[in-house]
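# An overview of the molecular structure
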Amino acid sequence: MTPLLKLLLRALIKGPVTEAAPDKQDVKALADQIDGKAMAKLGRSLVVRAVDAGSCNGCELEIHALCNPLYDIERFGIHFAASPRHADLLLVTGPVARNMAEALRRTYDATPAPKFVVAMGDCAIDGGCFKGGYATLDGVDKVVPVDMRVPGCPPKPNDILKALLALMDKVSGKS
Ligand code: SF4
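This one's a predicted model, so the numbers in the text were calculated from it and none came from an experiment.

Moving on: the overall build of the chain. Secondary structure assignment for the chain yields six helices and five strands. Reported as C-alpha extents along the three principal axes, the dimensions of the chain are approximately 65 × 45 × 25 Å. Taken over 175 residues, the chain has a buried fraction of 42%. Residue pairs at least 24 apart in sequence account for 78% of intrachain contacts in the chain once pairs closer than 6 positions are excluded. Summing over all exposed atoms, the chain offers an accessible surface of approximately 9,600 Å²; the carbon and sulfur share of this is 58%. Mean positive and mean negative side-chain charge positions of the chain (22 and 20 charges, respectively) differ by 2 Å.

The local shell around the ligand consists of Ser55, Cys56, Gly58, Cys59, Gly121, Asp122, Cys123, Cys129, Gly152, Cys153 and Pro154. For the shell around the ligand, the secondary structure elements donating two or more residues are helix H3 (58-65) and helix H5 (122-126).

With that settled, consider the pairing of strand S3 (residues 89-93). The element S3 is extensively covered by neighbouring structure, given that five of its five residues are classed as buried. Judged from the five bridges that link them, S3 and strand S4 (residues 116-120) form a sheet pairing that is parallel. Residue pairing in the sheet places Val92 in a bridge with Ala119 of S4.

Moving on: the state of the cysteines. All chains considered together, the criterion is met by zero disulfides. There is no disulfide at Cys67, and the cysteine sulfur nearest it, in Cys59, is 15 Å away. Owing to a relative accessible area of 38%, Cys67 belongs among the partly exposed residues under this scheme.

Here helix H2 (residues 24-42) contains 19 residues, and its C-alpha end-to-end distance of 26 Å stays within 8% of the 27 Å for a straight helix at 1.5 Å per residue. Listed as buried for H2 are Val27, Leu30, Ala31, Ile34, Asp35, Ala38, Lys41 and Leu42. Buried residues in H2, looked at end-on, bunch into an arc of 135°, giving them a common side. H2 presents Gln25 and Ala40 as exposed residues on the side facing more than 90 degrees away from its buried surface. Close packing links the buried residues of H2 with S4 and helix H6 (157-171). The backbone nitrogen of Gln25 lies 2.8 Å from a side-chain oxygen of the residue at the head of H2, namely Asp23. Just downstream of H2 lies Gly43, where phi reads positive at about 80°.

Here we come to the sheet that holds strand S5 (residues 148-150). Strand order in this open sheet of five strands is S2-S1-S3-S4-S5, and the pairing throughout is parallel. In this open sheet, the two edge strands, each paired with only one partner strand, are strand S2 (79-80) and S5.

Pairs can form between side chains of opposite charge once their charged atoms are near each other. The final tally for this structure, using the stated rule, is nine salt bridges. Its salt-bridge partner being Arg44, residue Asp88 comes within 2.5 Å of it at the nearest N-O pair. Separated by 44 residues along the polypeptide, Asp88 in the loop between S2 and S3 and Arg44 in the loop between H2 and strand S1 (47-52) bring together distant segments of the chain. Owing to a relative accessible area of 39%, Arg44 belongs among the partly exposed residues under this scheme. Between Arg75 and Asp72 there is a salt bridge; the shortest N-O distance is 3.8 Å. A residue is classified by how much of its surface remains accessible, and Arg75, at 47% relative accessible area, is partly exposed. For Asp72, a relative accessible area of 31% corresponds to the partly exposed category. Here the residues in one salt-bridge network are Glu102, Arg105 and Arg106, joined through shared partners.

It is worth spelling out the side chain of Thr111 at this point. Here Thr111 shows up in the loop between helix H4 (101-110) and S4. Ignoring any residue separated from it by four or fewer positions in sequence, one finds Thr111 in contact with Pro84, Ala87 and Leu90.

What counts and what doesn't
Residues numbered from 1 in each chain as written. Predicted model: local features only at pLDDT ≥ 70, side-chain atom pairs only at ≥ 80, totals over all residues. Heavy atoms only, no water. Helix = DSSP H or I, 4+ residues; strand = E, 2+ residues; numbered from the N terminus. Buried < 20%, exposed > 50% of the residue type's maximum accessible area, 1.4 Å probe, protein only. Contact = heavy atoms within 4.5 Å. Areas by Shrake-Rupley, 256 points an atom, 1.4 Å probe, with all protein chains shown as cover. Lys, Arg positive; Asp, Glu negative; His and termini not counted. Charge placed at Lys NZ, Arg CZ, Asp CG, Glu CD. Near = heavy atom within 4 Å. Pairing = 2+ DSSP bridges. Disulfide = S-S within 2.5 Å. Expected span 1.5 Å × (residues − 1). Arc of directions from axis to C-beta. Polar contact = N/O pair within 3.5 Å; in protein donor to acceptor, adjacent residues only side chain to side chain. Salt bridge = Lys/Arg side-chain N within 4 Å of Asp/Glu carboxyl O.

Structure follows, in structure tokens:
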């Protein structure tokens, strides 16, 4: 039996090796709350600039999931921007490779105030599995101030949404 046939048979017998789809009501409730609080705090929807500061790409896959047809969070007014100049929040992944430190600092400087930084994933918090490596700085807060940390390796999309909501709660009333 060929390997492909084995895989197909296993999938037919045991089911596909994928996680269940997110609860649509959970996603809607979280995203609606984030958007409402962002409107109250910033006067507009939340715009996020994702910054890969040396991640393994696992965290990026979870960030991308937020924009897939199951989550589709842009329909709730939470947008990803290509430029930090259009962003309210930097969502930073990875332990901060030494070669990315200057780029992260410049990205932070280019983001207009009020600006927020979320360290996403264990690597971004303290280096995670790269901790102590010669090529990394062991966490985003070694380079720029961090407002919120999302633990996990990687965090799930709903964990990211909960962190954004907690951040909006934390900053409400500021400025
Ligand atoms: S936290 Fe895990 S998934 Fe995210 S960049 Fe680090 S090793 Fe990769």
